[in-house]
Amino acid sequence: MAFEALRSEALGCVRCTLSKGRTQVVFGVGDPHADLMFVGEAPGREEDLAGEPFVGRSGKLLDRLMQEELGMDRSQCYIANVVKCRPPDNRDPAPGEIEACRPYLEAQIDLIDPLVVVTLGNFAARLLLDTTQGINALRGKPYPFRRGQLVPTYHPAYALRSGGQGVAEMRADFIRAKRLLARPT
Ligand code: URA
């Protein structure tokens with residue numbers, strides 16, 4: 001299967017120097033036939049150790065909002081990151097690292113062919129919408145994307161830091177995504 005071939009290729013990737021510091025490549029998790037895909041930023045320490053995206057504190061919020069607003073768990077959608085290997089000390093991914101990793105994300109989106117993509121934070125929204133605008137300006141509405149729509153929302157780590165308001169806005173974005181899944185146009 002093409003998706004498995006892509007995963008195997010990514011697991012051996014040495015296209016950028018992040019490969020030197022990683023414990024594991026964090027390719028993605030979930031159903032490669034899902035209608036809904038989440039795209040985060042980059043693995044952190046816990047994800048690097050587990051080999052799975054969003055398993056730390058941010059992931060707990062993602063799982064909770066997914067369950068409460070979309071009635072699903074991570075096996076019913078697909079979760080990936082812009083960058084598949086952990087940047088040292090959890091620094092932001094560098095432009096060259098994002099470009100080196102981009103073909104994997106593009107191929108994942110091509111093969112999954114989701115109806116709705118929810119981007120988590122600035123990096124995924126800017127990359128996939130090809131914009132320099134920030135998440136505060138972008139969020140609050142969906143954007144046409146491939147065969148469906150893209151819903152930009154905050155990174156869960158940002159929502160956790162910003163308290164109730166950030167989480168409430170993320171919740172509103174998840175409800176937006178749910179409506180689009182039920183009625184795509
Ligand atoms: N933050 C991300 O953007 N991705 C992860 O997988 C974990 C934390």
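Refer to the structure presented above.
All values reported here derive from a predicted model rather than from experimental measurement.

Visitor: Teacher, can you tell me more about unusual backbone geometry here?
Guide: Backbone geometry follows two general trends: most residues other than glycine have a negative phi, and most peptide bonds adopt the trans configuration. Phi is positive for Phe-54, close to 50°, though the residue is something other than glycine. Notably, Asn-90 is not glycine yet its phi reads approximately 55°, a positive angle. Tracing the chain through its elements places Asn-90 in the loop between strand 3 (78-81) and helix 5 (95-112).

Visitor: What should I look at first to understand the packing of aromatic side chains in this one?
Guide: Centre distance and the angle of the planes are the two values used to describe a pair of aromatic rings. Considering all chains together, one arrives at four aromatic pairs under this definition. Here Phe-3 and Phe-27 contribute two aromatic rings whose centre-to-centre distance is 5.6 Å and whose plane-to-plane angle is 65°, an arrangement assigned as edge-to-face. Placement of the pair is Phe-3 in helix 1 (residues 2-11) and Phe-27 in the loop between helix 2 (18-21) and strand 1 (29-30), with a sequence separation of 24 residues. A relative accessible area of 3% means that Phe-3 is categorised as buried. Here Phe-27 falls in the buried class, since its relative accessible area comes to 1%. Summarising the aromatic geometry, the rings of Phe-3 and Tyr-78 are spaced 5.4 Å apart at their centres and angled 90° between planes, so their arrangement reads as edge-to-face. Taken as a pair, Phe-3 in helix 1 and Tyr-78 in strand 3 lie far apart in primary sequence, 75 residues in all. The pair formed by Phe-3 and Tyr-78 is uniform in burial state, with each residue classed as buried. Here the aromatic residues Phe-3, Phe-27 and Tyr-78 are joined through ring pairs into a cluster of three or more.

Conventions we followed
- Residues numbered from 1 in each chain as written.
- Predicted model: local features only at pLDDT ≥ 70, side-chain atom pairs only at ≥ 80, totals over all residues.
- Heavy atoms only, no water.
- Helix = DSSP H or I, 4+ residues; strand = E, 2+ residues; numbered from the N terminus.
- Phe/Tyr/Trp six-rings, centres within 6.5 Å; stacked < 30°, edge-to-face > 60°.
- Buried < 20%, exposed > 50% of the residue type's maximum accessible area, 1.4 Å probe, protein only.

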